[in-house]
Amino acid sequence: GPQLSAQLEGWLSQAQTSKRPARAIIAPHAGYTYCGSCAAHAYKQVDPSVTRRVFILGPSHHVALSRCALSTVDVYRTPLYDLHIDQKVYGDLWKTGMFERMSLQTDEDEHSIEMHLPYTAKTMESHKDEFTIVPVLVGALSESKEQEFGKLFSKYLADPTNLFVISSDFCHWGQRFRYTYYDESQGEIYRSIENLDKMGMSIIEQLDPVPFSNYLKKYHNTICGRHPIGVLLNAATELQKNGVNMSFSFLNYAQSSQCRSWQDSSVSYAAGALVVH
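What counts and what doesn't
Residues numbered from 1 in each chain as written. Predicted model: local features only at pLDDT ≥ 70, side-chain atom pairs only at ≥ 80, totals over all residues. Heavy atoms only, no water. UniProt positions renumbered as here; feature names shortened; annotations may be inferred. Axes fitted to C-alpha atoms, helices over the stretch in contact; angles between N-to-C directions. Helix = DSSP H or I, 4+ residues; strand = E, 2+ residues; numbered from the N terminus. Parallel < 35°, antiparallel > 145°, perpendicular 65-115°, else oblique. Left-handed = near helix turned anticlockwise from the far one by under 90°. Contact = heavy atoms within 4.5 Å. Nonpolar A, V, L, I, M, F, W, Y, C, P; charged D, E, K, R; others polar. Buried < 20%, exposed > 50% of the residue type's maximum accessible area, 1.4 Å probe, protein only. Polar contact = N/O pair within 3.5 Å; in protein donor to acceptor, adjacent residues only side chain to side chain. Phe/Tyr/Trp six-rings, centres within 6.5 Å; stacked < 30°, edge-to-face > 60°. Lys NZ or Arg CZ within 6 Å of the ring centre and 35° of its normal.

- Going by an unreviewed UniProt entry, the protein chain carries the name Protein MEMO1 and comes from Eleutherodactylus coqui.
- Annotation of the protein chain in UniProt includes, under Function (unreviewed entry), the sentence "May control cell migration by relaying extracellular chemotactic signals to the microtubule cytoskeleton. Mediator of ERBB2 signaling."
- Per UniProt, the comment on the protein chain under Subunit (unreviewed entry) is "Interacts with ERBB2."

What follows is the structure, given as structure tokens:
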């Protein structure tokens, strides 16, 4: 507990506040040794004094899921303190008929939500008894489903007391990920990867799901949280249609290692924040 807390504290102290208060963040979910410092750039934009609910949308890595799923537990334990699931919001979401329940096994196996729990706890520490969490496991949604869930979550995104944490790593490159796209004009492989990721990141910053879908269809970039990102882009689009003014910016980008040969592999991480003006 104290060791992890100090580690998170250290990373947060290195990050600048520039997009506070964030209404939504995109942050990675790999081991903290790889992406802890990157994630801090997103979490640093969260204002714990206004946040009362933290929605955590993570992709499903272990089970085939065509919709979204809700947890069956009331509390998520972290090494810092316990996080309580918002049963009222869960009840409202459940009533829509759009969700399934994840099994306890799935819940325990899935790291895409879990990796955000200690960071959420750390960031919200000063108001630790005053907020709840809403974990949502996002399946391999079709574009029309992303739109439906985007619409549903847009009314929650409209509320300044809610924060959305969108869990995603970026390019998983290498033979072990069966993804070896390489644009030689960029120079070394890792430069090509960075160029591909940054292209995707600048498209996400437009807050429009259509160019993001087109980008994924064209390059098949292995962004594991593409569906949670798609839900966020659809929710943002819905609010913009209703005259809400917002902007998204990426604040940090990192790679687990620099690929130079076909034998290498790496995972990319990006941290960004959505601000409503």
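### Quick word on the packing of helix 1 (residues 2-14) against helix 2 (residues 32-43)
Helices that pack against each other are described as a pair by the angle of their axes relative to one another and the distance between those axes.
Thinking step 1. For the pair helix 1 and helix 2, interaxial distance at closest approach is 8 Å and the crossing angle is 55°. In terms of axis orientation, helix 1 runs oblique to helix 2. When the axes of helix 1 and helix 2 are compared, the crossing they make is right-handed. Seen from helix 1, the contacting residues are Leu 4, Leu 8, Trp 11 and Leu 12; seen from helix 2, they are Tyr 32, Gly 36, Ser 37, Ala 40 and Tyr 43.
Thinking step 2. Classifying every residue of the contact of helix 1 with helix 2 by side-chain character gives 7 nonpolar, 2 polar and no charged.

### Some words on the side chain of Thr 78
Thinking step 1. Within the element layout of this structure, Thr 78 appears in the loop between strand 4 (75-76) and strand 5 (83-84).
Thinking step 2. Relative accessible area serves as the criterion here: at 11%, Thr 78 is assigned to the buried category.
Thinking step 3. From its side chain, Thr 78 meets the backbone nitrogen of Leu 80 in a polar contact 2.9 Å long.
Thinking step 4. Within the local environment of Thr 78, its side chain forms a polar contact with the backbone oxygen of Tyr 81, the two atoms lying 2.7 Å apart.
Thinking step 5. For Thr 78, the contacting residues outside a window of four places in its chain are Leu 83, Leu 117, Pro 118 and Ala 121.

### Some details on the packing of aromatic side chains
Thinking step 1. Enumeration over the complete set of coordinates arrives at 17 aromatic pairs.
Thinking step 2. The interplanar angle of 80° and the centroid separation of 6.2 Å between the aromatic rings of Phe 99 and Phe 153 together place this pair among those described as edge-to-face. Taken together, the residues Phe 99 in strand 6 (residues 99-101) and Phe 153 in helix 7 (residues 143-157) connect sequence positions 54 residues apart. The same class applies to Phe 99 and to Phe 153, which are both buried.
Thinking step 3. Relative to Tyr 215, the ring of Phe 212 has its centre 6.3 Å away and its plane inclined at 20°; by these criteria the two rings are stacked. Pair noted here: Phe 212 and Tyr 215 are both in helix 9 (residues 209-219), with a separation of 3 residues, about one helical turn.
Thinking step 4. The exposure class assigned to Tyr 215 is buried, which follows from its relative accessible area of 4%.
Thinking step 5. Each member of the aromatic cluster is reached from another via a ring pair, and the members are Phe 55, Phe 99, Phe 149, Phe 153, Tyr 156 and Phe 164.
Thinking step 6. Sitting above the plane of the Trp 94 ring, Arg 101 keeps its charged end 3.8 Å from the centroid.

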